[in-house]
Amino acid sequence: MNKGKIHMFCGSGTGKTSAALGKGIREASAGRSVIVIQFLKEKNNEQAAEYFKRLEPELRLFRFEKSPVNYESLTESEREDECRNIKNGLNFARKVLVTEECDIVILDEILGLTDRGIVTLEELRGLIDAVPESMELYLTGTSRCEELWPFVDEVTVMTSPRDKMI
């Protein structure tokens, strides 16, 4: 089975989300449908969420976390609840890919979930494998997840000038 295009924006530098969203907005302006699923994004940026509502139905934003508190500040029990919510987001992403509900899927900050042990590389690989030929998938996050590089079409590593060049 032929796969759609898979893109990764990863690394410690800034601009990963902006790059993926920019591609999504460009595609939406060309008539393609875009679903953005954000994971562990800052909670106090309701202005951005309101902006995305104006882009519907071409570009739709989903967030599955329920707590208004950042993940690192949660108790162990609250983190477990939030992990279940994140897994719901992951399952929703899989459903969107399998049912070909849109043209572009952006999983924002999903790569960083591997560092926290919330999502495994195998789960991410499963998402990559589920991308049909008619769709594109964008993955963003701080983790480089280099084990996935052989399975994607494009990797952009964002670095900070303070990072040592590798």
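What counts, and where the lines are drawn
Numbers given for residues are sequential positions, taken from 1 along each chain in its written order. The model is predicted, so local features are restricted to residues of pLDDT at least 70 and side-chain atom pairs to those at 80 or more, both for listing and for counting; the totals for chains, interfaces and linings are taken over all residues. Values shown for side chains rest on all heavy atoms present in the structure; no hydrogens or waters enter the calculation. Helix numbers and strand numbers start at the N terminus; a helix is a DSSP run of H or I with at least 4 residues, a strand a run of E with at least 2. When we talk radius of gyration, it's over C-alpha atoms, and the globule rule is simply 2.2 Å times the number of residues to the 0.38. We call two residues in contact whenever any of their non-hydrogen atoms come within 4.5 Å of each other. Surface accessibility follows the Shrake-Rupley procedure with a 1.4 Å probe radius. Residue values consider only the protein chains on display as shielding. To estimate the expected span of a helix, subtract one from its residue number and multiply by 1.5 Å. For the exposure calls, accessible area comes from a 1.4 Å probe over protein chains only, and a residue counts as buried if that area is under 20% of its type's maximum, exposed if over 50%, partly exposed in between. A pair of strands counts as paired when DSSP detects no fewer than two bridges linking them. Seen with the strands pointing away from the viewer, any crossover whose path from the first strand over the helix to the second strand runs clockwise is right-handed.

Caption draft 1: Summary view of the overall build of the protein chain. Broken down by element type, the protein chain carries four helices and six strands. Ordered by position from the N terminus, the helices and strands of the protein chain form the series β-α-β-α-β-α-β-α-β-β. The C-alpha atoms of the protein chain give a radius of gyration of 15 Å, which matches the 15 Å a tight globule of 166 residues would have. The dimensions of the protein chain, computed from C-alpha atoms along their principal axes, are 40 × 40 × 30 Å. Within the protein chain, contacts between residues separated by at least 24 positions form 80% of all contacts whose residues are at least 6 apart in sequence. Accessible area of the protein chain: about 8,900 Å², with a carbon and sulfur share of 50%.

Caption draft 2: Just helix H3 (residues 76-99), in detail. Given a rise of 1.5 Å per residue, 24 residues ought to cover 34 Å, and the 35 Å separating the end C-alpha atoms of H3 matches this to within 8%. Within H3 the residues assigned to the buried category are Glu 82, Asn 85, Ile 86, Gly 89, Leu 90, Phe 92, Ala 93, Val 96 and Leu 97. Of the residues flanking the end of H3, it is Glu 100, one or two places downstream, whose phi is positive at about 50°.

Caption draft 3: Structural context of the pairing of strand E5 (residues 136-141). Counting buried residues along E5, six of its six residues qualify, which places the element largely inside the surrounding structure. Across the two faces of E5 the burial is the same, with Glu 136, Tyr 138 and Thr 140 and Leu 137, Leu 139 and Gly 141 all buried. In this sheet, E5 lies alongside strand E1 (residues 5-10) in parallel orientation, the contact comprising six bridges. Each bridged residue has a counterpart across the sheet, and for Lys 5 the counterpart in E5 is Glu 136. As paired elements, strand E4 (residues 104-108) and E5 share four bridges and run parallel to each other. Each residue of the ladder has a partner; that of Leu 107, found in E5, is Leu 139. This β-α-β element, E4 to helix H4 (residues 121-129) to E5, shows right-handed connectivity.

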